[in-house]
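Okay, here's what each chain looks like letter by letter:
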Amino acid sequence: QQRPSFRWLTLIPYAAVSPIFWILAGLSLSPTLNTIVISFSHDGVFSLDYYQQFFSYEPTLAAFRNTIVLGIATVLVCGVIGTALALLVNSFDFPGRGVIDVLLLVPIMIPGVALTIAYMQLYAESGMITKSLQYLLGMDHSPFALEGFWGILAIHATTQYVFFYVNVSAAIRRLYRSLIEYAQNLVASPARILRTDVLPLLITAFVAASIPPFTSA
């Protein structure tokens, strides 16, 4: 006797996810598309007036340039830090590696606003650490202040690196150990193995990890 088909059960996951899709579409996609449409119209007709105003106003252009520069700098700095930490934790055996792996994920568990407030309370001109150093060193003013471009970059570097760390760590764990062992048997140096065998396999991880820091910046 032929058993009944339960192919309809495969539709259950899609049905369960569909409300989330429509919520995201309503809260994110629809407003974005609506903004794009409005930006190309003025008084109900097609126009580029808004773009002309944007690119002719110097303060807006300065903010735009600074934002792009900050985004690129954030990706580069976080990429170096996160990738180096991922290679260190996942390529070497040392005591406490599991604990360090968990501690490096702490920034992703704390809201960005809370981290920023904490940094300002500690490292701003009137922060706890800066004022303590000023008192201990007998200085008339704070030795440093976390502000401006470099202050934002410092906060991003110590919080957004986690995206590179997570993605690169996952990619490293998927690497074929036999590939590295084969390169070692051919007497390839560690630097050559990293450059020719490991890094090309990590490109997808780099691209995926670059998006959140850039958009955040």
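In the block above lies the structure referred to throughout.
Everything in this summary refers to the structure shown in the same document.

Cut-offs used in this document
Residues numbered from 1 in each chain as written. Predicted model: local features only at pLDDT ≥ 70, side-chain atom pairs only at ≥ 80, totals over all residues. Heavy atoms only, no water. Helix = DSSP H or I, 4+ residues; strand = E, 2+ residues; numbered from the N terminus. Buried < 20%, exposed > 50% of the residue type's maximum accessible area, 1.4 Å probe, protein only. Contact = heavy atoms within 4.5 Å. Areas by Shrake-Rupley, 256 points an atom, 1.4 Å probe, with all protein chains shown as cover. Core = buried A, V, L, I, M, F, W, Y, C linked by side-chain atoms within 4.5 Å. Salt bridge = Lys/Arg side-chain N within 4 Å of Asp/Glu carboxyl O. Expected span 1.5 Å × (residues − 1). Bend = angle between axes of the 7 residues up to and from the residue. Phe/Tyr/Trp six-rings, centres within 6.5 Å; stacked < 30°, edge-to-face > 60°. Axes fitted to C-alpha atoms, helices over the stretch in contact; angles between N-to-C directions. Parallel < 35°, antiparallel > 145°, perpendicular 65-115°, else oblique. Left-handed = near helix turned anticlockwise from the far one by under 90°. Polar contact = N/O pair within 3.5 Å; in protein donor to acceptor, adjacent residues only side chain to side chain. Patch = residues over 30% accessible without salt bridge, like charges linked within 9 Å, V, L, I, M, F, W, Y side chains within 5 Å.

1. Examining the overall build of the protein chain
Assigned secondary structure in the protein chain consists of twelve helices and two strands. Secondary structure elements of the protein chain, listed N to C terminal, follow the sequence α-β-β-α-α-α-α-α-α-α-α-α-α-α. By the burial criterion, 24% of the 217 residues in the protein chain qualify as buried. Long-range contacts, defined as pairs at least 24 residues apart, comprise 58% of the intrachain contacts of the protein chain with a sequence gap of at least 6. A total accessible area of about 15,500 Å² is found for the protein chain, and carbon and sulfur atoms account for 69% of it.

2. Quick look at the nonpolar core
Generally speaking, soluble globular proteins have nonpolar side chains that are buried together. Within the largest apolar cluster, 17 residues are counted, with the highest numbers of intra-cluster contacts made by Tyr 161, Tyr 165 and Leu 202. Per-element tally for this core: the top contributor is helix H9 (residues 161–174), with seven residues. Among all residues touching Leu 202, those that are not within four sequence positions of it are Val 168, Ala 171 and Ile 172.

3. What about the pattern of salt bridges?
As enumerated under the stated definition, the model contains two salt bridges in all. The residue Arg 65 makes a salt bridge to Glu 58 at a minimum N-O spacing of 2.8 Å. By relative accessible area, which is 45% here, Glu 58 ends up partly exposed. Asp 93 is the partner of Arg 97 in a salt bridge, and the nearest nitrogen-oxygen pair spans 3.0 Å.

4. Description of helix H1 (residues 11–39)
A rise of 1.5 Å per residue sets the reference length of H1, with its 29 residues, at 42 Å; its end C-alpha atoms lie 39 Å apart and thus fit the reference within 8%. When the local axis directions of H1 are compared, the greatest deviation, roughly 40 degrees, occurs at Ala 25.

5. Topic: the packing of aromatic side chains
This model, assessed by the stated rule, comprises seven aromatic pairs. Seen from their ring centres, Phe 54 and Phe 55 are 5.0 Å apart, and the 85 degrees between their planes marks the pair as edge-to-face. An angle of 90 degrees between the planes, with centres 5.2 Å apart, marks the rings of Phe 149 and Trp 150 as edge-to-face. Each member of the aromatic cluster is reached from another via a ring pair, and the members are Phe 40, Phe 46 and Tyr 51.

6. Some points on the packing of helix H3 (residues 58–91) against H9
Relative to each other, H3 and H9 sit at 40 degrees, their axes nearing to 7 Å. In terms of orientation, H3 lies oblique with respect to H9. Crossing of H3 over H9 shows right-handed handedness. Facing H3, whose interface residues are Val 75, Cys 78, Gly 79, Ile 81, Gly 82, Thr 83, Leu 85, Ala 86, Leu 87, Val 89 and Asn 90, H9 presents Tyr 161, Phe 164, Tyr 165, Val 168, Ser 169, Ile 172 and Arg 173.

7. Side note on the environment of His 42
Among the structural elements, His 42 can be located in strand S1 (residues 41–42). Exposure remark for His 42: the relative accessible area of 28% places this residue in the partly exposed category. Setting aside anything within four residues of it in sequence, one finds His 42 in contact with Ser 47, Asp 49 and Tyr 50. Separated by 3.4 Å, the side chains of His 42 and Tyr 50 make a polar contact.

8. Some thoughts on a nonpolar patch on the surface
Together, Leu 29, Leu 33, Ile 36, Ile 38, Phe 40, Phe 46, Leu 48, Tyr 50, Tyr 51 and Phe 55 make up a nonpolar patch on the protein surface, roughly 980 Å² of accessible area in all. Those elements that provide at least two residues to the nonpolar patch are H1 and helix H2 (49–56). Looking at the element boundaries, Phe 40 is found in the loop between H1 and S1. Judged by its relative accessible area of 32%, Phe 40 is partly exposed.

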